[in-house]
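One letter stands for each residue in the lines below.
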Amino acid sequence: MRLLFINNDGGGFADYINVTEGMTVEQFFKEQMPGRKAEDYLIRVNRQPVPRDYVLQENDRVTLTPTKIEGAQQ
Amino acid sequence: MNDKELVRAAGMIQQALGDLRKSRYLECMRQLNLFACRLQDLTRESRKLGLAISHEWPAASEQCCKSIDSQLNEIPYSSSKLQSLLDRRQKEVPKLSLIVAELKSLQEEFEDVEFKGQESSLSVVTEPITLDEVYFGPFRVLLALDKLGELYHKIPYYVIAEEPHPAATDEAITHPHVSNEVLCEGDGAAAIRAALEEGRLCDFFSLVRSILNTYNPDSPYVALSDWDGVACYDCGYVMDHESSYYCSHCDNAVCDECSRVCTDCGEVVCGNCVSHCEICDRSLCPNCAKTKCSECESVCCESCLSDGLCPECKEEMENEDEEQETQTTDKTPDTNEPKTTIVGR
């Protein structure tokens, strides 16, 4: 099953990836972001917040945005 | 925003994204020209080196080698900058409907979303930001749509404090990572650029908000510990902790101008605690100011005391000693004068 995955952690790449049918958002997060905590991210599917047990559909757009990003001084 | 405003805003954003795509190609051209110029400079230096070698001019040859070395050091930077522009896969400018969807999503993510067509700006207001118990208030993140095409030269958005609580030492710094309304993106730079290039407005504003909600203690404009500064005990000037001195007697903070250094022990003292040598007027700390002339009890520094006396008392004592010596000399008989001898009859 194909999804558009936008990972705003680091380079902010957006790309199509293949995942298993019936995968939930929670499972998807654990697979794509091993060792990270879901509460440290804004997780949106098709631009909407969804519950962790939401089952992903074909062509869904999943966005992960960290809630904490370190700035700097120029 | 109502539906009409949404469509109008989306149209303007779509136009701006189109301009941005063009500007990427222009920037590629510009960087390529710069890179080509560098290669031409290298070719020129190479010819010079050849000439210097053929004439057996070692000093000129060395000079050429240094110049070539310096130019070669610039090549990796120019090359990587060019490559990062070329590597970007071409993104289609999003359809109007997708941009409208982005704007609707933005309105759900942020409470206050404002589009000003005449000013070509789209802005959101964050919730009040507090970092380590230091309050900064809410910030307006304003994207200047007419400047989006300049993304490869400068940041096309501003971060404006709605309830400014700037650093005590610099009004322009309203957040540890914001100076003059410009955010230093740090780790978020690449993701912010990608979000803007692809028209993912909600992601862009969310990323900026995430940076505002994070304190990086390794690289702030002003550290949180220095945010409210410290006031000089003597003159009230507000300074950061690194610029302040602390009186060794009362522990109050003083600025560089008001701090005094004890001439005898080198300790820093404030204007309130400082004493002065009554002879040379140099500064003394309260402890060293206990040193006094044993005769007149004037407060003296070590260098003005001689045998425990101030210069005046020392001179007086020396004068007295001289006088005493002189008087003693007058009373003693002179054994060198001839004696009168009475001879018997």
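Because the structure is a prediction, the values reported are computed rather than measured.

## With respect to the sheet that holds strand β5 (residues 61–66) of chain A
1) Next: Ordered by their spatial adjacency, five strands build an open sheet running β2-β1-β5-β3-β4 (chain A), and the pairing between neighbours is mixed. Each having just a single partner strand, β2 (14–18) and β4 (48–49) of chain A make up the two edges of the open sheet.
2) Next: The strands that helix α5 (residues 201–212) of chain B touches are β1 (2–7), β3 (41–45) and β5 of chain A; relative to β5(A), the one it contacts most, it runs at about 20°.

## Concerning the interface of chain B and chain A
1) Next: Contacts between the two partners involve 27 residues from chain B and, on the opposite side, 20 residues from chain A.
2) Next: Contributing elements (two or more residues each) for the side of chain B that touches chain A: α3 (96–109), α4 (189–197) and α5 of chain B.
3) Next: Among the elements that line the side of chain B that touches chain A, the one with the most residues is α5(B), at six residues.
4) Next: Class assignment of the residues belonging to the side of chain B that touches chain A gives a composition of 12 nonpolar, 10 polar and five charged.

## Observations concerning the nonpolar core
1) Next: With 46 residues, the main nonpolar core has B:Phe204, B:Phe205, B:Leu207 and B:Val208 as its most contacted residues.
2) Next: When residues of this core are assigned to their parent elements, the largest contribution, eight residues, is made by α5(B).
3) Next: Here this core spans two domains, and each of domain 1 (3–86) and domain 2 (96–224) of chain B adds at least three residues to it.
4) Next: Beyond its immediate stretch of four places on either side in the chain, B:Leu207 contacts A:Asn8, A:Thr65, A:Ile69, B:Gly188, B:Ala191, B:Ile192 and B:Ala195.
5) Next: Counting 25 residues, the second-largest nonpolar core is a separate cluster that includes B:Cys262, B:Cys285, B:Cys300 and B:Cys301.

## Focus: the sheet that holds strand β7 (residues 173–175) of chain B
Across a sheet, strands are paired by hydrogen bonds formed along the backbone, either parallel or antiparallel in direction.
1) Next: An order of β7-β8-β9 (chain B) is seen for the three strands of this open sheet, with the pairing classed as antiparallel. Across the chains shown, the open sheet's two edge strands, defined by having one partner strand only, are β7 and β9 (182–183) of chain B.

## Some details on α4(B)
Residue and element names in this part refer to chain B.
1) Next: Listed as buried for α4 are Ala191, Ile192, Arg193, Ala194, Ala195 and Leu196.
2) Next: At its buried positions, α4 is contacted by α5.
3) Next: Remark: glycine 199 follows α4 within two positions and exhibits a positive phi of approximately 75°.

## Here we look at the domain arrangement of chain B
1) Next: With domains assigned, chain B is organised as domain 1 (3–86), domain 2 (96–224) and domain 3 (257–326).
2) Next: Relative placement of domain 1 of chain B and domain 3 of chain B: their C-alpha centres are 69 Å apart.

## Details of unusual backbone geometry
1) Next: In this model, A:Asn59 sits at a positive phi of 65°, which is unusual for a non-glycine residue.
2) Next: One can find A:Asn59 in the loop between β4 and β5.
3) Next: Residue classification places A:Asn59 among the exposed positions, given that 11 C-beta atoms sit within 10 Å.
4) Next: Residues other than glycine seldom take positive phi values, yet B:Glu133 does so here, at roughly 70°.
5) Next: For B:Glu133, the position within the fold is in the loop between β3 (129–131) and β4 (134–137).
6) Next: For B:Glu133, a count of 6 C-beta atoms within 10 Å puts it in the exposed group.

About the criteria used
Per chain, the residues get numbers from 1 upward, laid out in the order the sequence is written. Chains and ligands are labelled by the order in which they are written, letters from A for the one and numbers from 1 for the other. Per-residue local features of the predicted model are confined to residues with pLDDT of at least 70, and side-chain atom pairs are confined, for both listing and counting, to 80 or more; whole-chain, interface and lining totals are unaffected and use all residues. Two strands pair if DSSP finds at least two bridges between them. Helix and strand definitions here come from DSSP, where helices need a minimum of 4 consecutive H or I residues and strands a minimum of 2 consecutive E residues; each element is numbered from the N-terminal end. The contact criterion used here is simple: two residues whose C-beta atoms, placed from the backbone, lie within 7 Å are in contact. For every element, the axis is a line fit to its C-alpha atoms; helices are fit only across the contacting stretch, and the angle between N-to-C directions ranges from 0 to 180 degrees. Lys, Arg, Asp and Glu make up the charged group, whereas Ala, Val, Leu, Ile, Met, Phe, Trp, Tyr, Cys and Pro make up the nonpolar group; the residues left over, Gly among them, are polar. Each nonpolar core comprises buried Ala, Val, Leu, Ile, Met, Phe, Trp, Tyr and Cys residues, the members being joined through C-beta atoms within 7 Å. Buried residues are those with 20 or more other C-beta atoms within 10 Å of their own C-beta, exposed residues have 12 or fewer, and partly exposed residues lie in between; C-beta atoms are placed from the backbone. Here the bounds of each domain stem from an automatic or database domain assignment.

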